[in-house]
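What the coordinates show
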Amino acid sequence: MRYEIDVNGSRHGVDAPADMPLLWVLRDLLGMTGTKYGCGVAQCGACTVLLDGQAVRACQFPMEQYAGQKVATVEGLSADRTHPLQRAWIAEHVPQCGYCQSGMLMAADALLRETPQPSDAQIDAAMTNLCRCGTLPRVRRAIRRACGQLPA
């Protein structure tokens, strides 16, 4: 079936089955590989994207449920690493292996859109993505830096 989707502000027509997860539409049909496949059961968060501004796990979100909505991926933050979250991630040396980081960035973006000055408890509640490298304390500092709670 043919669907129209808006990804990072650009309209795309895709031919996909109604039950094809957004993750595979992004990666396989649109060539946007920033969104990662992790667990496939919406638990790890590596595939987190924004759907109309809300963080969702793209591995479990079928085409029929998101067609017509606005999708934002890590590629849409900025092309040159100038988004405040990207700058903060670099300043705080967040990534180690980096695999989960695109999902982390998108979850953090959703948080800051809803709560521009989050507390540590709000950050902890929003950041449900798994990181095997243990960078969560640096993630918290990067989020606080991106929203101006820490010096630049």
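The structure this text deals with has already been given above.
What this report covers is the structure whose coordinates are included nearby. (Residues numbered from 1 in each chain as written. Predicted model: local features only at pLDDT ≥ 70, side-chain atom pairs only at ≥ 80, totals over all residues. Heavy atoms only, no water.)

1. Observations regarding the sheet that holds strand β2 (residues 10–15)
- Taken together, 5 strands build an open sheet; the order of strands is β2-β1-β5-β3-β4 and the sheet is mixed. Each of the sheet's edge strands pairs with one partner strand only, and the pair in question is β2 and β4 (54–57). This sheet shows a mean twist of 40° between the axes of neighbouring strands, independent of strand direction.
- Pairing of strand β3 (residues 48–51) with β4 involves 4 bridges; the strand directions are antiparallel. What sits directly across from V49, in β4, is V56.
- Running at roughly 95° to β2, helix α1 (residues 22–29) makes contact with β1 (2–7), β2, β3 and β5 (70–72) of the sheet.
- Running at roughly 35° to β3, helix α4 (residues 101–114) makes contact with β3, β4 and β5 of the sheet. (Pairing = 2+ DSSP bridges. Helix = DSSP H or I, 4+ residues; strand = E, 2+ residues; numbered from the N terminus. Axes fitted to C-alpha atoms, helices over the stretch in contact; angles between N-to-C directions. Contact = heavy atoms within 4.5 Å.)

2. With respect to the layout of surface pockets
- When its volume is computed, the largest pocket comes out at roughly 260 Å³.
- In this structure, the largest pocket is lined by V74, E75, S78, A79, D80, R81, Q86, W89, I90, P95 and L105.
- Here the residues of the lining of the largest pocket sort into 6 nonpolar, 2 polar and 3 charged. (1 Å grid on protein atoms, 1.4 Å probe; cavity = no way out; pocket = protein on both sides within 12 Å on 5 of 7 lines; lining within 4 Å. Points joined across faces, edges and corners; volume = space filled by probe spheres on them. Nonpolar A, V, L, I, M, F, W, Y, C, P; charged D, E, K, R; others polar.)

3. Some details on the pairing of β2
- Bridge analysis of β1 against β2 gives 6 bridges, and the strand direction is antiparallel. Across the sheet, the residue bridging to E4 is G13, located in β2.

4. Some details on the packing of helix α3 (residues 84–91) against α4
- One can describe the packing of α3 onto α4 by two numbers: an axis separation of 10 Å at closest approach and a directional angle of 125°. Considering the angle they form, α3 stands oblique to α4. Every pair of crossing elements has a handedness; the one defined by α3 and α4 is right-handed. Taken together, the residues of α4 that come into contact with α3 (itself represented by L85, Q86 and W89) are Q101, M104, L105, A108, D109 and L112.
- Split by residue class, the contact of α3 with α4 holds 6 nonpolar, 2 polar and 1 charged. (Parallel < 35°, antiparallel > 145°, perpendicular 65-115°, else oblique. Left-handed = near helix turned anticlockwise from the far one by under 90°.)

5. Considering the nonpolar core
- Ranked by internal contacts, the top residues of the largest apolar core, which has 23 residues, are L85, W89, M104, M127, V139 and I143.
- With 8 residues, α4 is the largest single contributor of residues to this core.
- Residues within four places of V139 in sequence aside, it is in contact with W89, V94, M104 and M127.
- Counting residues in each nonpolar core, the second largest holds 21 residues, with V14, V25, C59 and F61 among its members. (Core = buried A, V, L, I, M, F, W, Y, C linked by side-chain atoms within 4.5 Å. Buried < 20%, exposed > 50% of the residue type's maximum accessible area, 1.4 Å probe, protein only.)

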